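What follows is each chain in one-letter form.
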Amino acid sequence: LDVGGKHLELEKAGQDEYAVFLKICSSFTKFRNFTKDRDVDSELEENSRAANKIRPVLMNYEDEFKVYTHCITSCKDKENSILKEEQKLSQELSSLGGSAASEEIVACVRNPLAAPMPVGVEKVPDCRDIDEEVFRIVKSAYDPWEEGVEYDPEKHIYANVIRPYTASEFNEVTSALTDEKRIAIWKLMQDLDEWDYDVFALQKEMSGSYTHEGLANQPNGGSLFLTCYALFYKYGLMRKLNINERVVINWLSIVEAGYHPNPYHNSMHAADVLHVSHYILKKGKLIEKCKVSDEDVFCTLFAACVHDYNHPGINNAFHVKTQNYLAVLFNDRSVNENVHTSCVFELMRLDRFNVLAGFDAAKRAELREVIVELVLGTDMGLHAQILTRFKKKLEISSKVQSRDDMKLALTMCVKMADISNCGRPQKLYHGWCHQIADEFFMQGDRERLMGLAVSPFMDRYTTVMSKGQTAFMNYIVVPLFECMVWRRLNKKNIWNIGRNLLCPWLLQ
């Protein structure tokens, strides 16, 4: 045996020692085989235990697989059955000469024309049943049809419902009017450019009264409908922007119907704000001074129209105080104003109400952005913030230098119109004052019934309305009017808006 470079020799063992050595080797070999067998058995046992654990899981998977396979088979059978039924119905429809209707978007808000439905009417109408002759006269006054031009409703979509008179026809028709109601309406509409435009009288002529009943039921349209229709044609927006008249009539129908017959925040108030916005744009020369585009004029009139749409007759503070659904939905921020815009634009997802459908996607997004900003700007909770922005802007420059400047100017226009009641002729002002007092007291009554503290100037038992009006004029109206008057607008005409502010209440 060589070990470490040395050669070792063992003495030859005897017979007995050699036998012992062989037994030891044999025993060692048996031991090794025994140990190896035990290791194999242990591994098999462990694998068996693991298999027992996995087996139920596999069985569950097998059961689920069978269930899913059955469901897939059932669905395929049902799908085949539906396809066969659809094919059968299509064949029946074809035999009747019809065609399958395209899928239509369903608005997620109430269509105001659906309630209350007229007796005997099953299908919800798309528009009011207007007196076309009245609307034809009003349209013809601002956008008469050209002599010698053939009228084609499909080509001239801005006049595809009511063909306007030519200038000569208009003079002949208006001079020969005999219907007293039409005469009264036309006479009132001739004051559209005047500061004393009377929406109370117009509403009474259109729907019978300007009380709750007259506002709740306006089957032939009311002051808002006719005023907006007239202004769209007066500014030439229908023709310039190629707006579909049918869609405008449908849209005005749902907008006016969507105003609740509240004492103050109703469609007649919207008509009043719309008119004053027009007065500021035209007589106040905001269009001229700020180079307002046709699209922005359209946005201003649109915003004035819808600025209180679906108003519930309670203010934002009531929403927040009661933490109702709308307050939670809009995170206590401009709750009513968000309702006004979201409801209108939701209904406009339907093509028959979408007055923005004629614009491309980019322009629609731009117009929507302006409209939403103008409506949100009417939130009195933001009044101080917006007025401060306006003053800071004027301290830098009175010129419109950016798109944001233009939106701010238009926001101030609608805001001024929204709180202009105090500057109207006393007959109109007193009418609005009584209306807002009634609505305030109704909210105060609700607060009292709910166990809440009654809001300031809303307690019918303790409120002195003259004090509330005086505070409103001194701290809200006069500062805004002064800011608008002395900053490059037409001072003479804009100050006419405020010349009646020194009404008797301010002298008390």
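Residues numbered from 1 in each chain as written. Predicted model: local features only at pLDDT ≥ 70, side-chain atom pairs only at ≥ 80, totals over all residues. Heavy atoms only, no water.

As a further point, take the packing of helix H7 (residues 223-234) against helix H9 (residues 245-257). With their axes 9 Å apart at the nearest point, H7 and H9 run at an angle of 145 degrees to one another. Seen from above, H7 lies across H9 with right-handed handedness. Between H7 and H9, the residues in contact are Ser 223, Leu 224, Phe 225, Cys 228, Tyr 229, Phe 232 and Tyr 233 and Glu 245, Val 248, Ile 249, Trp 251, Leu 252, Ser 253, Val 255 and Glu 256, respectively. (Axes fitted to C-alpha atoms, helices over the stretch in contact; angles between N-to-C directions. Helix = DSSP H or I, 4+ residues; strand = E, 2+ residues; numbered from the N terminus. Left-handed = near helix turned anticlockwise from the far one by under 90°. Contact = heavy atoms within 4.5 Å.)

The next point concerns the environment of Cys 108. In this fold, Cys 108 is placed in the loop between helix H1 (15-95) and helix H2 (132-142). In the structure, Cys 108 is positioned 235 residues away from Cys 343 in sequence and 8.7 Å away in space, judged by C-alpha atoms.

So, about the packing of aromatic side chains. The tally for this structure, following the rule as stated, stands at 16 aromatic pairs. Geometrically, the ring pair formed by Tyr 264 and Trp 432 is edge-to-face, given 5.6 Å between the ring centres and 80 degrees between the ring planes. Linking Tyr 264 in the loop between H9 and helix H10 (267-282) with Trp 432 in helix H19 (residues 426-449), this pair joins segments that are 168 residues apart in sequence. Like Trp 432, Tyr 264 is buried. In textbook terms, an aromatic cluster arises when at least three aromatic residues are bridged by ring pairs, as seen for Phe 232, Trp 251, Phe 298, Phe 302, Phe 345 and Phe 359. The positively charged end of Arg 136 is found above the aromatic ring belonging to Tyr 165, 5.7 Å away from the centroid. The cationic tip of Arg 368 hangs over the ring face of Phe 345; the distance from NZ or CZ to the ring centre is 4.6 Å. (Phe/Tyr/Trp six-rings, centres within 6.5 Å; stacked < 30°, edge-to-face > 60°. Buried < 20%, exposed > 50% of the residue type's maximum accessible area, 1.4 Å probe, protein only. Lys NZ or Arg CZ within 6 Å of the ring centre and 35° of its normal.)

Orientation of H9 relative to helix H12 (residues 294-306), taken along the N-to-C sense of each, is 35 degrees, at an axis distance of 10 Å. On H12, the residues that touch Trp 251, Leu 252 and Val 255 of H9 are Phe 302, Cys 305 and Val 306. Residue composition of the contact of H9 with H12, grouped by class: six nonpolar, no polar and no charged. (Nonpolar A, V, L, I, M, F, W, Y, C, P; charged D, E, K, R; others polar.)

Glancing now at the state of the cysteines. Taken as a whole and judged by the stated rule, the model has zero disulfides. No disulfide involves Cys 71; its nearest neighbouring cysteine sulfur is the one of Cys 75, lying 6.4 Å away. (Disulfide = S-S within 2.5 Å.)

What follows covers a nonpolar patch on the surface. Taken together, the side chains of Ile 54, Val 57, Leu 58 and Tyr 61 make up a nonpolar region of the molecular surface, amounting to roughly 380 Å² of accessible area. By secondary structure assignment, the location of Tyr 61 is in helix H1. For Tyr 61, a relative accessible area of 51% corresponds to the exposed category. (Patch = residues over 30% accessible without salt bridge, like charges linked within 9 Å, V, L, I, M, F, W, Y side chains within 5 Å. Areas by Shrake-Rupley, 256 points an atom, 1.4 Å probe, with all protein chains shown as cover. Salt bridge = Lys/Arg side-chain N within 4 Å of Asp/Glu carboxyl O.)

Locating Leu 329 in the fold gives a position in helix H14 (residues 325-329). Under the relative-accessibility criterion, Leu 329 is labelled partly exposed at 43%. Placed ten residues apart in sequence, Leu 329 and Val 339 show a C-alpha to C-alpha distance of 10.0 Å.

The next subject is H2. Buried residues dominate H2, accounting for eight of its eleven residues. Among all positions in H2, only Glu 133, Val 134, Phe 135, Arg 136, Ile 137, Val 138, Lys 139 and Ser 140 are buried. Buried-residue contacts for H2 involve helix H3 (167-175), helix H4 (180-189), H7 and H9.

The nonpolar side chains of a soluble globular protein tend to be buried, and buried together. One finds Trp 251 and Phe 302 to be the most contacted residues of the largest nonpolar core, which totals 117 residues. Filtering out sequence-adjacent residues up to four positions away, Phe 302 remains in contact with Trp 251, Val 344, Phe 345, Met 348, Val 355 and Ile 371. (Core = buried A, V, L, I, M, F, W, Y, C linked by side-chain atoms within 4.5 Å.)

Of all residues in the protein chain, 83% have pLDDT values of 70 or greater, and the mean over the chain is 86. Mean pLDDT values over the elements of the protein chain span from 49, in helix H21 (residues 491-498), up to 98, in H12. Note that pLDDT drops below 50 for residues 99-103; the model gives that stretch two contacts with residues more than four away or on any other chain. Between residues 497-508, whose pLDDT stays under 50, and residues either more than four places distant or in other chains, the model counts 34 contacts. (pLDDT = per-residue confidence, 0-100.)

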